[in-house]
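# Report on the structure
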Amino acid sequence: MNKFLGYIFSPLFYIFFGLVLVIFHPIQWICYRFFGYRAHKAAVDLLNFFLTYSDLLLGSSITFLNQQQLPTDQPIIFVANHQSMYDIPGLIWFLRKYHVKFISKIELTKGIPSISYNLKYGGGANIDRKDSKQAVSELIKLGRRMKEHNWSAMIFAEGTRAKDGQMKNFQVGGIATLLKVVPHAIIVPVAIENSWKLVQYGAYPLSFGEKLRWTVLKPLDITDKNPEEIVLEAENAIRSNLNQLKPAE
């Protein structure tokens, strides 16, 4: 039934989603060019409010759980699993007070209304996966901005989307690089559920009636731990929340 209803409601969703992207592109441009970072961020936050709740047009439920008392005057590295592109608007909207910046493929900085503009001018890191030196340099620059402005970063540590919802092993590199620049950053895992189901049939139809959930987990104690230990602990915390713990070897 969710596939059948998806055929009916997906066009409505795509029309609304696309209109939001087109409308907010010039709004972002005006805010950034004439009013600076804060105005641009406000536009991006509002953009992602509409993108997040556009999922309601697919009959999705949207649940964001954050019972953690996280500071806004200290950089945070959020570490999340990644299931689909629909993970991202909710993260930007619900975590907006933490000024979360994303690490994205440099290819995405061109050709996508609103999204490409924000990636290019929003303060995140746009990396060339074929150029390791450029990627490390971008991460270092992001770390410096985090330290200077008390911004936060979001890392999808699997390195790619888990299209079937089953988590892949987390990679250490990005988090290790940021921690070298921002060693006092707080590490906070975020568990994402069911966004993969939206695209389980591909781009069309999108699945109708899925229960989307984001859960901010307890910050990690990283005292005297190396990056490998920190990343493994973050991965296990998310796996535990999603009931995807790996069998003991």
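Residues numbered from 1 in each chain as written. Predicted model: local features only at pLDDT ≥ 70, side-chain atom pairs only at ≥ 80, totals over all residues. Heavy atoms only, no water.

Another aspect to go through is the pairing of strand 7 (residues 211–216). Here six bridges tie strand 1 (residues 61–66) to strand 7, and the two strands are oriented parallel to one another. What sits directly across from Thr63, in strand 7, is Arg213. Two strands pair when backbone bridges link them, and strand 6 (residues 186–193) and strand 7 are joined in this way by four bridges, in the antiparallel orientation. Within strand 7, the residue paired with Val190 across the bridge is Val216. (Pairing = 2+ DSSP bridges. Helix = DSSP H or I, 4+ residues; strand = E, 2+ residues; numbered from the N terminus.)

Summed over all chains, the structure comprises five salt bridges. Residues Glu138 and Lys141 are paired through a salt bridge, measuring 3.8 Å at the closest nitrogen-oxygen approach. Of this pair, Glu138 and Lys141 both sit in helix 5 (residues 132–149), three residues apart, which is roughly one turn of the helix. Using a relative accessible area of 16% as the deciding quantity, one classes Glu138 as buried. The exposure class assigned to Lys141 is partly exposed, which follows from its relative accessible area of 39%. A salt bridge links Arg239 to Glu235; its shortest N-O distance comes to 2.8 Å. Linking Arg239 with Glu235, this pair stays in helix 8 (residues 227–242), spanning four residues, or about one helical turn. Like Glu235, Arg239 is buried. (Salt bridge = Lys/Arg side-chain N within 4 Å of Asp/Glu carboxyl O. Buried < 20%, exposed > 50% of the residue type's maximum accessible area, 1.4 Å probe, protein only.)

In the structure shown here, the tally under the stated rule is 20 aromatic pairs. A centroid spacing of 5.2 Å and a plane angle of 75° characterise the contact between Phe49 and Phe50, whose relative ring orientation is edge-to-face. Look at Phe50 and you get partly exposed, because its relative accessible area is 31%. Ring centres 4.6 Å apart and planes at 45° place the aromatic pair Tyr117 and Tyr121 in the tilted group. Taken together, the residues span about one helical turn, with Tyr117 and Tyr121 both in helix 4 (residues 115–121) at a distance of four residues. A network of ring pairs unites the aromatic residues Phe24, Phe49, Phe50, Tyr53, Phe64, Trp93, Phe94 and Trp214 as a single cluster. (Phe/Tyr/Trp six-rings, centres within 6.5 Å; stacked < 30°, edge-to-face > 60°.)

So far we have only geometry, and geometry alone does not tell us how the molecule works.
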